[in-house]
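Residue strings, one per chain:
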Amino acid sequence: MNANVAADDTAGVSRWNDTTASVTARVDALIKAMTLQEKTAQLYGVWVGASDQGGEVAPHQHDMEEAVDLDALLPTGLGQLTRPFGTVPVDPALGALSLARTQTRIAGTNRFGIPALAHDECLSGFAAWGATAYPVPLSWGATFDPDVVRRMAAAIGRDMRSVGIHQGLAPVLDVVRDARWGRVEETIGEDPYLVGTIGTAYVQGLESAGIVATLKHFVGYSASRAGRNLAPASLGPRERADVLLLPFEMAIREGGARSVMNAYTDTDGVPSAADEDLLTGLLRDTWGFDGTVVADYFAIAFLKSLHGVAADWADAAGLALRAGVDVELPNVKTYGAPLAEAVADGRVPEALVDRALRRVLTQKARLGLLDPDWNPLPTALQGADLDAPDALRGLIDLDRPENRALARTVAEEAVVLLSNDGTLPLGSPHRIALIGPNADEAVAVLGCYSFPQHIGVRHPGTPHGIELPTLRDALAAEFPDAEITVARGTGIDDGDLTGLHEAVRAARAADVALVVLGDHAGLFGRGTSGEGCDVETLALPGAQQHLLDTLLDLDTPVVTVLLAGRPYALGRAVEESAAIVQSFFPGQEGTHAIAGVLSGRVNPSGRLPVSVPRGPGSQPATYLGARLAHAGAVSTVDPTPAFAFGHGLSYTRFDWTDLTPSVQEAPTDGEFTLSFTVRNTGARSGTEVVQLYLHDPVASVVQPVQRLVGYARVALEPGETRRLRVTVPADLASFTGLDGRRVVEPGELNIRVAASSAEPRLTARITLTGAVRHPDHTRRLRSVFEQEPVSRA
């Protein structure tokens, strides 16, 4: 307790510090004691960078914000610290010491002894120098494995907690609607059920470590026109409800997410940051969310500067606060003096400030930040000599062997074998030509929110902080007896073909040519994939297609390998490559995973979370389209993909047989069960990914031809058989009806048990009977797979 505040009970402990009282009572007492300026101070953050010498953090200078004077701000308190580790390279132990010292100052300066809540990015691992770089979310989707994603997120959360971070800005739950959008790499895929189940697993893992998971971006960001970053979203209420909202609903109801971040976009003229129906009516009043809504960086100021719905900063603050945005990030622009002035002159009710403050303080109380024994020093630093910072270097390891092993598992499960004429696995080639701009590029495995690509690029000369073996390194380890010749051929997007002849010579002299193409992740035009790196077409960047086509003209087998952030049209390679291996920025262990697939050490089990287009100009297109969205005689544009959502090959074979529905009819408020058998008929162990699709042939509003409603990974040894049973609630057949309410209609459903959205293996017809039903937000959101014990033939 700060000496400037009198205790309000006989024990000498302020009510808000009394852990025997309820959180509600503690927060009520604190709000009652605060001035308006102390209240608003809890509703914004300050962007800082930790000190590599262990001193206090330093405010980060950003070109969109004025400089911040911490000495002037801290006496009234501070709500959040923005990205102390994700701003500059800093040794983790010294960063933790820097953060702890700053927290001590913050708590010691304000009257109530309240520290800040510290948040950081964790989209593909904790975005800190020296932390494990895991695969990007698009690779999570490719695993079709919530369990491994849950374990990965828990590991990320433990690392964040170990250095004093409380909140992680992940996962991204935007559903891909146009693959030209630069942030496709940050998404989990183009299907809401896949995004929702994988994203929920990530939330569960992060929250299990005590980190507040933040769902991004609520909602509509990925539906921006022409795939342009921050463009308006052309979005009807049904698409919004049935496609884009489902993952958020699932992650809140089943994952327990404690924070939501608004989207930058406007939908039908209403910016998300000012959408009261969305942020309060739906999120809180209907879904019952009781956490905090935080602004995407600068989003409140954008209400004035970009959207033009606010006249000044105070007006922007009032709009966002009324809509339900509780915390301004990354800095104070509108929720500081402009908000306080607007409250003082009556433009914004103080009750709105108190509403947001209650949510913020409740979260801080539940995190232990109001407890009298709160200690800012992480466990790893307790007992260490804090006056000898150089001795602390290396004390905290954020890239431990168990992290790397988990990163490799995720990467291995995420590699997708798109095609194969039998060339793969390679066996023991004598001469390998390794060609392409990503053949010997260390950062080719990293997404734009990895620390090296997001922050490290601004600090040339600073080591990456983690080992990043190139594919050349990984292949040399995988094929120690092979002669590997490397030729770049061309750059990622420079169009330079001066290396073409060298590439041709290398390929002609080799047993196999591995052509490694794709992206370079960056921000706002500094890459070919990433935030602000949108594209006009899905042609491979630069002259990569020309390089690929030239090599396909040779007699040497060409294996196309992609290290990319989005799917690309591959032209002739779809038919003419000996094999195609797709990987979406697989993280620091990704090249070992790819090499393992090429050699056969790893049997690929990844499946496409996004469709691979046949042509570069057929966007926007996803498998979720209605009948008129698919190929037909009424248009000369054929959006049929080269490789469909859910597609992926294996080095073994699986037979699917004996589909048995439990019933032919089920009530609209009931469920039905399907049973079937999967057998590994090949010569090696492997994992099949069983996918369940629902088709509603007649509905009161237009429906997609099919949509994913379940999936399961099935691991089998050669000759093994497993009986699977999946229970499907009728709720999964619901959609937004003519009157805007969710509805389950009686009638026939076609259920497809499939290897991809384009490859049904078994089908069944189930008729829903009874009255039209209107399920609410408590409806069942997923099907349930059960696997019986393995049997041998």
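Residues numbered from 1 in each chain as written. Predicted model: local features only at pLDDT ≥ 70, side-chain atom pairs only at ≥ 80, totals over all residues. Heavy atoms only, no water.

Caption draft 1: Broad picture of the packing of aromatic side chains. Throughout the structure, instances matching the rule amount to 17 aromatic pairs. Residues Tyr-623 and Tyr-693 carry aromatic rings whose centres are separated by 5.9 Å and whose planes lie at 85° to one another, so their mutual orientation is edge-to-face. Highlighted residues: Tyr-623 in the loop between helix H22 (590–599) and strand E17 (654–661) and Tyr-693 in strand E20 (residues 686–695), separated in sequence by 70 residues. With relative accessibility at 7%, the residue Tyr-623 sits in the buried group. Tyr-693 sits in the buried class, given a relative accessible area of 0%. (Phe/Tyr/Trp six-rings, centres within 6.5 Å; stacked < 30°, edge-to-face > 60°. Helix = DSSP H or I, 4+ residues; strand = E, 2+ residues; numbered from the N terminus. Buried < 20%, exposed > 50% of the residue type's maximum accessible area, 1.4 Å probe, protein only.)

Caption draft 2: Focus on helix H16 (residues 401–414). When the terminal C-alpha atoms of H16 are compared, their 20 Å separation across 14 residues agrees well with the 20 Å that a helix rising 1.5 Å per residue should span. Restricting attention to buried positions, one finds in H16 the residues Asn-403, Leu-406, Ala-407, Val-410, Ala-411, Glu-412, Glu-413 and Ala-414. Buried residues in H16 make contact with helix H5 (137–143), helix H6 (146–162), strand E11 (416–420), strand E16 (579–584), H22 and strand E21 (707–716). (Expected span 1.5 Å × (residues − 1). Contact = heavy atoms within 4.5 Å.)

Caption draft 3: The pairing of strand E12 (residues 431–435), seen in detail. Within E12, four of the five residues are buried, which leaves the element mostly enclosed by the surrounding structure. When E12 meets strand E13 (residues 483–487), the two strands line up parallel, connected through five bridges. Residue pairing across strands places Arg-431 opposite Glu-483, the latter belonging to E13. (Pairing = 2+ DSSP bridges.)

Caption draft 4: View of helix H12 (residues 313–323). Among the residues making up H12, those that are buried are Ala-314, Ala-316, Ala-317, Gly-318, Ala-320, Leu-321 and Ala-323. Turning to H12, the residues buried within the fold contact helix H10 (276–286), helix H11 (299–305), helix H13 (337–344) and helix H14 (350–366). Its side-chain oxygen at 3.3 Å from the backbone nitrogen of Ala-314, Asp-312 defines the N-terminal cap of H12. After H12 finishes, the residue Gly-324 shows a positive phi value of roughly 130°. (Polar contact = N/O pair within 3.5 Å; in protein donor to acceptor, adjacent residues only side chain to side chain.)

Caption draft 5: View of the sheet that holds strand E3 (residues 80–82). Pairing is mixed in the open sheet, where eight strands are placed in the order E2-E1-E3-E4-E5-E6-E7-E10. The open sheet has two free edges, formed respectively by strand E2 (58–59) and strand E10 (292–294), since each of these has just one partner strand. Relative to strand E4 (residues 117–120), E3 runs parallel, the two being bridged by three bridges. Looking at E4, one finds that Leu-81 is bridged to Ala-118. Most of the contacts of helix H9 (residues 246–253) go to strand E6 (residues 212–218), to which it runs at about 165°, and overall it touches E6 and strand E7 (259–262). (Axes fitted to C-alpha atoms, helices over the stretch in contact; angles between N-to-C directions.)

Caption draft 6: View of the sheet that holds E20. Spatially, five strands are ordered E18-E26-E25-E20-E21 in an open sheet, and the strand pairing comes out mixed. Both outer strands of the open sheet, strand E18 (665–667) and E21, are each paired with one neighbouring strand and no more. Going from strand to strand, the sheet's axes swing by 30° on average, the running direction of each strand aside.

Caption draft 7: Looking closely at the packing of helix H19 (residues 500–508) against helix H20 (residues 544–552). Between H19 and H20, the least distance of the axes is 10 Å, while the angle of their chain directions is 35°. Judged by the sense of rotation from one axis to the other, the crossing of H19 with H20 is right-handed. Here Leu-500, Ala-503, Val-504 and Ala-507 of H19 lie close against H20, whose contacting residues are His-546, Leu-547, Thr-550 and Leu-551. Considering only residue class, the contact of H19 with H20 consists of six nonpolar, two polar and no charged. (Left-handed = near helix turned anticlockwise from the far one by under 90°. Nonpolar A, V, L, I, M, F, W, Y, C, P; charged D, E, K, R; others polar.)

Caption draft 8: Local environment of the side chain of Thr-265. Its place among the elements puts Thr-265 in the loop between E7 and strand E8 (266–267). With residues up to four places along the chain from it excluded, the contact list for Thr-265 reads Val-219, Gly-220, Tyr-221, Ser-224, Leu-230, Ala-231, Val-270, Pro-271, Ser-272 and His-307.

Caption draft 9: Just the side chain of Arg-779, in detail. When you line up the elements, Arg-779 lands in the loop between strand E26 (759–769) and strand E27 (784–787). Leave out the neighbours within four places in its chain, and Arg-779 touches Leu-246, Glu-249, Arg-253, Asp-731, Ser-734 and Arg-742.

Caption draft 10: Layout of the state of the cysteines. All chains considered together, the criterion is met by zero disulfides. A disulfide-free cysteine, Cys-122 has its sulfur positioned 14 Å from the sulfur of Cys-448, the nearest such atom. Not engaged in a disulfide, the cysteine Cys-533 finds its nearest cysteine sulfur in Cys-448; these two sulfurs lie 7.3 Å apart. On the accessibility criterion, Cys-533 (3% relative accessible area) is buried. (Disulfide = S-S within 2.5 Å.)

Caption draft 11: Representation of the packing of H12 against H14 within the structure. The interhelical angle for the contact between H12 and H14, taken along N-to-C directions, is 55°, at an axis separation of 10 Å. Relative to H14, the element H12 lies oblique. Between H12 and H14 lies a crossing whose hand is left-handed. Where H12 abuts H14, its residues Leu-321, Arg-322 and Ala-323 lie against Leu-352, Val-353, Arg-355 and Ala-356. Partitioned by chemical class, the residues of the contact of H12 with H14 number five nonpolar, no polar and two charged. (Parallel < 35°, antiparallel > 145°, perpendicular 65-115°, else oblique.)

Caption draft 12: Region of interest: the pattern of salt bridges. Applying the stated criterion across every chain, the model contains 49 salt bridges. In this structure, Asp-390 engages Arg-393 in a salt bridge whose closest nitrogen and oxygen atoms are separated by 3.3 Å. Residue Arg-393 is classed as partly exposed on the basis of its relative accessible area, which comes to 35%. Salt-bridge contacts for Arg-572 lead to Asp-553; the nearest nitrogen and oxygen are separated by 2.8 Å. Taken together, the positions of Arg-572 in the loop between strand E15 (558–564) and helix H21 (573–576) and Asp-553 in the loop between H20 and E15 put the pair 19 residues apart, joining distant regions of the chain. A single salt-bridge network, built from bridges that share partners, covers Lys-39, Glu-350 and Asp-354. (Salt bridge = Lys/Arg side-chain N within 4 Å of Asp/Glu carboxyl O.)

Caption draft 13: Spotlight on the pairing of strand E14 (residues 512–518). Burial runs high along E14: seven of the seven residues are buried. Covered by surrounding structure in E14 are Val-512, Leu-514, Val-516 and Gly-518 together with Ala-513, Val-515 and Leu-517, the residues of both alternating faces. As paired strands, E12 and E14 are joined by four bridges and run parallel to one another. Along E14, the bridge assignment pairs Ile-435 with Val-515. As defined by bridge partners, E14 adjoins E15 across six bridges and the pair is classed as parallel. Within E15, the position partnered with Val-515 by the bridge is Thr-560. Handedness of the crossover joining E14 and E15 through H20: right-handed. (Right-handed = clockwise from strand over helix to strand, strands pointing away.)

Caption draft 14: Highlighting the nonpolar core. Core analysis: the largest hydrophobic core is formed by 186 residues, its most contacted members being Phe-126, Tyr-202, Phe-218 and Tyr-335. Apart from the residues within four sequence positions on either side, Tyr-335 is in contact with Thr-40, Leu-43, Tyr-44, Ile-300, Ala-317, Ala-320, Leu-321, Val-325, Asp-326, Val-327 and Glu-328. (Core = buried A, V, L, I, M, F, W, Y, C linked by side-chain atoms within 4.5 Å.)

Caption draft 15: Focus on the environment of Asp-669. One can find Asp-669 in the loop between E18 and strand E19 (671–680). Of the residues examined, Asp-669 reaches a relative accessible area of 56% and is grouped as exposed. Taking the C-alpha atoms as reference, Asp-669 lies 8.2 Å from Val-744; in sequence the two are 75 residues apart.

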